[in-house]
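Residues per chain, in single letters:
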Amino acid sequence: MNMSMRSKDIKTWLVVGFLLRLGLIAWSSYQDAHMTVKFTDVDYHVFSDASRQMWEGNSPYLRYTYRYTPFLAFALLPNNFLPWFGKLLFCICDVWIAVLLYSLLSGTSITTTSNTSTCKSIENRISKKSSDTSANTISTLWKDKALIGALFWLFNPVTLAVSSRGNAEAIVLLPILGCLQMAKEKKWLLCGTLLGIATHLKMYPIIYSLPLYLTAAPENSFPPTLAFPWKTLVAPSRLLLIMGFVSSFSFLFSLAYAWYGMDFVENTYLYHISRIDLRHNFSVYFYSMYLQAGSNQLHITNSTTSQVASETIFQRLFLSSFVPQALVQLFTALHSFKFLERCFFLQTVAFVAFNKVFTSQYFLWFLVFLPFVSDRLLNRKQLWRLGFWFSAQALWLYIAYKVEFEGEPLFLPLFICCIILFASHLALIIQ
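Described below are features of the structure shown in this document. (Residues numbered from 1 in each chain as written. Predicted model: local features only at pLDDT ≥ 70, side-chain atom pairs only at ≥ 80, totals over all residues. Heavy atoms only, no water.)

### Overview of the packing of helix α10 (residues 188-201) against helix α12 (residues 236-273)
Where α10 contacts α12, the axes come no closer than 6 Å and their chain directions differ by 20°. In terms of orientation, α10 and α12 fall into the roughly parallel class. Two packed elements cross with a definite hand, and for α10 against α12 that hand is right-handed. (Axes fitted to C-alpha atoms, helices over the stretch in contact; angles between N-to-C directions. Helix = DSSP H or I, 4+ residues; strand = E, 2+ residues; numbered from the N terminus. Parallel < 35°, antiparallel > 145°, perpendicular 65-115°, else oblique. Left-handed = near helix turned anticlockwise from the far one by under 90°.)

Structure below.
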């Protein structure tokens with residue numbers, strides 16, 4: 001069944017999801033104008049201000065706290081005339097993600113370039129129960145999973161709110177899912193190109209390069225192992241993947257650098273490597289940063305002393321955060337790359353859990369892969385993992401509210417909540 005036939009059943013839901021997002025965009029104008037608590041994300045004002053600077057012929061980095069690629073500000077130039085344009089763009093990308101999820105979940109699981117044999121063995125096991133209806137059963141199961149996965153993304157309160165509030169995460173997640181789609185179709189040049197685009201927009205998608213490289217193995221070398229002949233390391237499929245990545249990333253990087261030089265490099269990349277965040281940070285490293293900042297008697301509200309604190313703390317945290325994070329990524333990629341969607345989910349959860357900065361938007365990074373592992377997490381024996389995860393978030397938010405809005409000095413209890421949340425992430429990936 002081709003893509004157009006499979007998409008027919010969900011077109012109505014896509015329209016409803018898009019209209020619901022349009023309604024939230026309209027509501028945001030009213031709430032922002034008449035209520036104390038604003039609906040629009042603060043980041044959206046940052047994007048718009050940076051776009052205005054660009055429209056006036058200046059650098060978008062003149063807008064303090066703009067830490068993104070200049071192409072985002074460029075894409076939002078219509079905001080200078082249509083203030084809601086960026087939200088509309090993000091919502092379109094959001095709905096497109098649901099289309100890709102439906103497409104990916106409707107097909108066979110991405111395992112390796114030789115996934116046909118694997119899928120056939122699965123079908124053979126199912127056929128023992130009912131040989132006459134096995135094909136229909138498999139098709140129905142995949143289609144139901146695809147529909148549920150797409151609806152989960154379309155009508156999840158988190159995803160509904162994020163794009164309509166003006167957060168740009170959907171623009172990053174879209175090319176990442178495109179990588180999965182191209183890997184499924186063995187279009188490695190396009191796969192690498194989309195990965196390069198995603199990595200330019202945000203650095204973290206670089207973690208997917210190793211499992212994609214391992215998956216792009218010559219068919220006669222299946223199953224992939226570390227004992228490959230050397231010639232398979234430069235197999236045509238892998239060279240195409242590398243060529244696509246290097247070409248797209250280098251082109252975008254060079255163009256942005258030609259425009260804004262080191263301002264672009266420092267704000268888009270270097271800032272995020274050395275970033276220290278003592279507020280709204282779910283990370284298990286939060287308390288260590290808080291104590292070290294306090295021990296230096298530095299005030300984080302002062303920009304100069306904040307920079308000094310950031311550099312000092314970054315040096316101390318490098319070995320304790322980046323090295324474990326890199327090792328976990330390497331192990332996860334080597335262990336799980338045969339099931340690419342699951343590998344992306346595990347890698348992203350591990351990356352977020354071990355990161356020194358972890359804010360609420362990071363949840364979206366692995367939430368988009370949740371439909372691919374729902375069959376493992378939503379059964380009776382594993383459901384407690386999701387319950388543990390949600391409970392840990394609720395506990396953290398409660399204590400954080402006490403600290404942020406009521407001024408209670410509950411930093412140690414907040415740190416304990418960070419540890420509990422860290423454990424809940426480990427529960428999601430260790431099975």
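### So, the packing of aromatic side chains
According to the stated counting rule, one finds 33 aromatic pairs in the structure shown. Each ring, one from Y44 and one from F90, has its centre 6.4 Å from the other, and the planes form 85°; the classification is edge-to-face. Taken as a pair, Y44 in helix α3 (residues 42-55) and F90 in helix α5 (residues 85-106) lie far apart in primary sequence, 46 residues in all. Ring-pair connections join several aromatic residues into one group, and the members of that group are Y44, F47, Y61, Y66, Y68, F71, F74, F90, W259 and Y260. One Lys or Arg, R238, reaches over the ring of Y213 and ends 4.5 Å from the middle of that ring. (Phe/Tyr/Trp six-rings, centres within 6.5 Å; stacked < 30°, edge-to-face > 60°. Lys NZ or Arg CZ within 6 Å of the ring centre and 35° of its normal.)

### Observations concerning the pattern of salt bridges
For side chains of opposite charge, pairing can occur when their charged atoms come near one another. Enumeration over the complete set of coordinates arrives at six salt bridges. Note that D41 and R165 form a salt bridge whose closest N and O atoms lie 3.7 Å from each other. Here D41, found in the loop between α2 (11-34) and α3, pairs with R165, found in the loop between α8 (157-164) and α9 (169-184); they are 124 residues apart in sequence, far enough to count as distant. On the basis of relative accessible area, D41 is assigned to the buried category, the value being 13%. Here the salt bridges share partners, and the residues they tie into one network are D49, R52 and R63. (Salt bridge = Lys/Arg side-chain N within 4 Å of Asp/Glu carboxyl O. Buried < 20%, exposed > 50% of the residue type's maximum accessible area, 1.4 Å probe, protein only.)

### Some remarks on the environment of A198
Among the secondary structure elements, A198 is positioned in helix α10. On the basis of relative accessible area, A198 is assigned to the buried category, the value being 0%. Considered as a pair, A198 and C179 are 19 residues apart in the sequence and their alpha carbons are 9.2 Å apart. For A198, the residues in contact, after removing those within four places along its chain, are V172, P175, I176 and P205. (Contact = heavy atoms within 4.5 Å.)

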